[in-house]
Amino acid sequence: ILSKKFKINWDMDTIMKNIGGMGDKEAGDILKKINSNIDDNFWKDVYLSDIQKINNGLVLTDYIENIFKNSNITQCIGTGGIFNKTKQKIKSANIEKYFPDERVFTIDMVNYGKPEPDIFLLAAEKMGYKPQDCIVIEDSVTGLTAAIKANMIPVAFVKYSKKYFLEDIKKLGIKNIFEDMRDVEKFILDNL
C-alpha cells in the first residue's frame, strides 16, 4: 500500500525499523511527515488489507497456546490495534476462550499508543496488578520501550523480528530475549 498508492518506497526492513510495532495513529504521524497525502483513505486500505489477511486465518506461534492454557498465569492482550480488528484476530486464531473482551486492551482505549506506556498501564490497572508485577511479551522495540516506561518486566520474543530489532532491543538493555515460546513460558513461571 505504501509504495503503490503513496510512492513511499520502503522495503520491509525500512518499514519495520520506522513503524514496526506501532499502532495506526503513531505510524500515521510518522508517515504524514514523509508524505502529506496519508489520509483516512490510506487507513481504510490498510484496514481492508488486514481484514483480508485475518479472514484467511491466523496461525498461532508454536507453543504459545501452552502459555494461554496455563491457569497459573493471569493474561491479557495490550495492543496498538483497534478493538474491533483485534477481536477479529482473536476469533481467527481461535483463542476467544482465553481472551474475552475484559482481557483485551486496545489503542482506542487510551490517549497514546506505544512507545508510550498507556496501554500497558491500563491493562495492569484493569487486571488488578501493580505495573512492577507484570511481564510484557513484545516483539518490537516500540512495544518493549512501552513496557520499560510502564516499569514492567520486558520480555523480547524475537523469532520473527530478530533481523529487524535484535540490536536495538539489546541497546534497550533487555536481557530476557527468546526465540521459542517454551523458553518464554519457563521465564514467566520462574518469575511468578
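Shown above is the structure to which this text applies.
Computed from a predicted model, the values in this text were never measured in an experiment. (Residues numbered from 1 in each chain as written. Predicted model: local features only at pLDDT ≥ 70, side-chain atom pairs only at ≥ 80, totals over all residues. Heavy atoms only, no water.)

Student: Looking at this structure, I do not really get the packing of aromatic side chains. What am I missing?
Tutor: To describe a pair of aromatic rings, one takes the distance between the centres and the angle between the planes. Applying the stated rule across the entire model yields five aromatic pairs. Ring centres 5.6 Å apart and planes at 40° place the aromatic pair Phe 68 and Tyr 98 in the tilted group. Taken together, the residues span a long stretch of sequence, with Phe 68 in helix α5 (residues 64-69) and Tyr 98 in the loop between α6 (83-92) and β2 (104-105) at a distance of 30 residues. Tyr 98 carries the same exposure label as Phe 68, and that label is buried. Put simply, the rings of Phe 68, Tyr 98 and Phe 99 touch in pairs and so form one group of aromatic residues. (Phe/Tyr/Trp six-rings, centres within 6.5 Å; stacked < 30°, edge-to-face > 60°. Helix = DSSP H or I, 4+ residues; strand = E, 2+ residues; numbered from the N terminus. Buried < 20%, exposed > 50% of the residue type's maximum accessible area, 1.4 Å probe, protein only.)

Student: Just checking my understanding: could you explain the packing of helix α2 (residues 12-19) against helix α9 (residues 162-171) for this structure?
Tutor: The relative placement of two packed helices is expressed as an angle between their axes plus a distance between the axes. α9 packs onto α2 with a crossing angle of 40° between their chain directions and a minimal axis gap of 9 Å. With respect to α9, the element α2 is oriented oblique. Read as a crossing pair, α2 and α9 show a hand that is right-handed. Contacts between α2 and α9 pair Met 12, Asp 13, Met 16 and Lys 17 from the former with Lys 163, Tyr 164, Phe 165 and Asp 168 from the latter. For the contact of α2 with α9, the residue count by class is four nonpolar, no polar and four charged. (Axes fitted to C-alpha atoms, helices over the stretch in contact; angles between N-to-C directions. Parallel < 35°, antiparallel > 145°, perpendicular 65-115°, else oblique. Left-handed = near helix turned anticlockwise from the far one by under 90°. Contact = heavy atoms within 4.5 Å. Nonpolar A, V, L, I, M, F, W, Y, C, P; charged D, E, K, R; others polar.)

Student: Before we go on, may I ask you to explain the nonpolar core in this structure?
Tutor: If you look at the biggest cluster of nonpolar residues, it comprises 19 residues, and the most contacted ones within it are Ile 67, Phe 68, Ile 90, Ile 95, Phe 99, Met 181 and Val 184. The greatest single-element share of this core, amounting to four residues, is contributed by helix α10 (residues 181-190). If you look at the next biggest cluster of nonpolar residues, it comprises 15 residues, including Phe 105, Ile 107, Phe 120 and Ala 124. (Core = buried A, V, L, I, M, F, W, Y, C linked by side-chain atoms within 4.5 Å.)

Student: Explain the side chain of Thr 106 here, please?
Tutor: By secondary structure assignment, the location of Thr 106 is in the loop between β2 and α7 (118-127). Within polar-contact distance, the side chain of Thr 106 engages the side chain of Asp 108 at 2.3 Å. Discounting chain neighbours no more than four positions away, the residues touching Thr 106 are Thr 79, Gly 81, Ile 82, Phe 83, Thr 86 and Ile 119. (Polar contact = N/O pair within 3.5 Å; in protein donor to acceptor, adjacent residues only side chain to side chain.)

Student: Any chance you could explain the state of the cysteines here in plain terms?
Tutor: Each disulfide is one covalent bond, formed between the sulfur atoms of two cysteines. Scanning all chains against the criterion turns up zero disulfides. For the unlinked cysteine Cys 76, the closest cysteine sulfur is that of Cys 134, found at 7.5 Å. For Cys 76, a relative accessible area of 30% gives the class partly exposed. The exposure class of Cys 134 is buried, given its relative accessible area of 15%. (Disulfide = S-S within 2.5 Å.)

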